[in-house]
Amino acid sequence: RQDRIVGFFEGVFCVRTRLSAATLRQRSTSSIMIASSLRTAFSIAKAGRVSTRATAVASSLAPRHGVTRRFTRLVPRAEVEGVMDEDSKAKMEALMTRFKMADVDGNGFIDREELRNLLESMESGEVYLLSQHWLPEEELNGVMATYDTNKDGVISFEEFKQIVYDGILLEGTLAEYEGAFKAVDKSGNGTIGATELGQLFARLGNPVSPEKLVDLMQEYDKDDSGQIEFNEFLLMFRNSLLDLKAMSAYMTNDDEPGTGSVIEPVEGDMTIIFSEQELDEIIATNPNKLVVIFAALTWCRPCKGMQRPVQKLAEHYKDHIVFVKLFGNANKQTKSIFKERYQIRSTPCFITLKNGQPVYTQTGSNKEKLEAGLRSMLSNPPVGMIYPSADLPSRVSAL
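Residues numbered from 1 in each chain as written. Predicted model: local features only at pLDDT ≥ 70, side-chain atom pairs only at ≥ 80, totals over all residues. Heavy atoms only, no water.

S.K.: Run through the nonpolar core, naming residues and quoting values.
M.R.: Residues Leu 115, Phe 160, Leu 197, Phe 233, Phe 237, Met 247 and Phe 323 are the most contacted members of the largest nonpolar core, which totals 90 residues. In terms of residue count, strand E2 (residues 290–296) provides more of this core than any other element does, seven residues in total. If we skip the residues at most four places from it in the chain, Leu 115 touches Ile 110, Leu 140, Val 143, Met 144, Ile 155 and Ile 163. (Core = buried A, V, L, I, M, F, W, Y, C linked by side-chain atoms within 4.5 Å. Buried < 20%, exposed > 50% of the residue type's maximum accessible area, 1.4 Å probe, protein only. Helix = DSSP H or I, 4+ residues; strand = E, 2+ residues; numbered from the N terminus. Contact = heavy atoms within 4.5 Å.)

Structure follows, in structure tokens:
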């Protein structure tokens, strides 16, 4: 139909007519311009339909629950346009080779167990570990639900290509990931604590709030141990939360080896704890200092309001007091500390320990009262107060 329309405008002024030669040339030129414009319009409309279809396909592959992706790589233009140059052919052959490596039984599809091996592989599917599985079932289910677009229970070559294009395969070597893990594990105990994880993001130029740190621990600390093990650390890379190239400077630092402790509080700062082991270790390694537990909940607005004041107190009283923060809704262990060990019923709550025993408890967000109470338990407090108050208590009654 579009050819008939264009043909009409090309010939309508070219028939025999009694018009003058000059008029005929003028109108013929007009007809050609109109025809050219129509051809351009048809080409744009066709391209728009192709673009719309491509957008629809991309939308259908959007991340679903359980699969975190930082970005989606574009499908090579050669595949969209149907034109394959030599470079594109070589890349497609390389993809097919990797697909066949994943398709162990050679049936032309990647089944669930083969997909697990692929996701646990290194160097973008070139090296398979095949030792002990570390990918959680929920992660495997999420990837299968996202990329098995026709819901036949297996991954075809076309679906495999999308997995590669989206960059969810681990691109580094095992040695590189082990090196990154050891660099983050400042304490040297073989696991990564929340404090170490927070320090990592801060040094990478992306500091996270305590509440966000709780979210990360809830997502990646799969066994609720309060620590990130190596397999859980690998998940952060697979989900594009961490990048090996960005960590290169972090991995080559010359920090002194750690003590092997499960947690090392940062002097003058507030340390977040996620387990009873961390809390008990802090108490045991600070016999000459008070230990103040800042008990909070991630959704508690007064708790968030007390974050900065308590940090200032931690800095001012660093020679006398160790401040730790406990989120009662972080995991099973913190919930147990919250409800069973200290029977906390409202937040924010501040529990001061001396030799491991509670000696003073305060609830609410009165920072002046909190500092006054803490100073009253110190035999030689530092000069000056951060939050001076007109009516300081003469003493604080022990619980």
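There's more to say after this.
S.K.: How would you explain helix H13 (residues 276–284) if you had to name every residue and give the values?
M.R.: Among the residues of H13, those classed as buried are Glu 278, Leu 279, Glu 281, Ile 282 and Ile 283. Considering only its buried residues, H13 is in contact with strand E1 (270–273), E2, strand E3 (321–327), helix H16 (332–341) and strand E4 (349–354).

S.K.: Any chance you could break down the layout of surface pockets for me, citing the residues and the numbers?
M.R.: Looking at the second largest pocket, its volume works out to about 360 Å³. As for the second largest pocket, its lining consists of 18 residues, and the residues nearest its centre are Val 208, Leu 213, Asp 269, Met 270 and Ile 272. Counting only elements with at least two residues in the lining of the second largest pocket, the list comes to helix H9 (194–203), helix H10 (210–220), E1 and helix H15 (307–316). A total of five residues in the lining of the second largest pocket trace back to one element, the largest contributor, which is H9. (1 Å grid on protein atoms, 1.4 Å probe; cavity = no way out; pocket = protein on both sides within 12 Å on 5 of 7 lines; lining within 4 Å. Points joined across faces, edges and corners; volume = space filled by probe spheres on them.)

S.K.: Give me the lowdown on the UniProt feature "domain: EF-hand" (unreviewed entry) in the protein, citing residues and values where you can.
M.R.: Here the UniProt-annotated "domain: EF-hand" (unreviewed entry) positions come out as residues 90–125, 135–170, 172–207 and 208–243. The span residues 172–207 is 58% helical and 0% strand by assignment, and the distance between its end C-alpha atoms comes to 24 Å. Each end of residues 208–243 is marked by a C-alpha atom, and these two atoms are 16 Å apart; helix forms 56% of the span and strand 0%. (UniProt positions renumbered as here; feature names shortened; annotations may be inferred.)

S.K.: Give me the lowdown on the confidence of the model for the protein, citing residues and values where you can.
M.R.: For the protein, mean pLDDT is 79; residues scoring 70 or higher make up 72% of the total. Across residues 12–25, where pLDDT falls below 50, the model places seven contacts with residues more than four positions away in sequence or in other chains. Scored below 50 in pLDDT, residues 44–74 shows 33 contacts in the model against residues more than four places distant or in partner chains. (pLDDT = per-residue confidence, 0-100.)

S.K.: How would you explain the packing of helix H5 (residues 112–119) against helix H6 (residues 137–147) if you had to name every residue and give the values?
M.R.: Closest axis-to-axis distance for the H5/H6 pair is 11 Å, and the angle between their directions is 105 degrees. Taken together, the axes of H5 and H6 lie roughly perpendicular to each other. Residues Arg 112, Leu 115, Arg 116 and Leu 119 of H5 touch H6, and the partners they reach there are Glu 137, Leu 140, Asn 141, Val 143 and Met 144. Residue composition of the contact of H5 with H6, grouped by class: five nonpolar, one polar and three charged. (Axes fitted to C-alpha atoms, helices over the stretch in contact; angles between N-to-C directions. Parallel < 35°, antiparallel > 145°, perpendicular 65-115°, else oblique. Nonpolar A, V, L, I, M, F, W, Y, C, P; charged D, E, K, R; others polar.)

S.K.: Residue-level account of the sheet that holds strand E5 (residues 357–363), with values.
M.R.: With respect to topology, five strands assemble into an open sheet ordered E1-E3-E2-E4-E5, the strand pairing being mixed. Both edges of this open sheet fall to E1 and E5, since each of them pairs with a single strand only. Here the strands of the sheet are splayed against their neighbours by 25 degrees on average, with no regard to which way each runs. Both E1 and E3 contribute to a ladder of four bridges, which runs parallel. Bridging across to E3, Thr 271 finds its partner in Val 324. In this fold H13 packs onto E1, E2, E3 and E4, with an angle of close to 140 degrees to the strand it touches most, E1. (Pairing = 2+ DSSP bridges.)

S.K.: Give a detailed account of the pattern of salt bridges, specifying residues and quantitative values.
M.R.: This model, assessed by the stated rule, comprises eleven salt bridges. With a shortest N-O distance of 2.7 Å, Arg 238 and Glu 139 are connected by a salt bridge. Of the two residues, Arg 238 sits in helix H11 (residues 230–238) while Glu 139 sits in helix H6, which places them 99 residues apart along the sequence. The same class applies to Arg 238 as to Glu 139, namely buried. With a closest N to O distance of 2.9 Å, Arg 341 and Asp 280 form a salt bridge. Highlighted residues: Arg 341 in helix H16 and Asp 280 in helix H13, separated in sequence by 61 residues. (Salt bridge = Lys/Arg side-chain N within 4 Å of Asp/Glu carboxyl O.)

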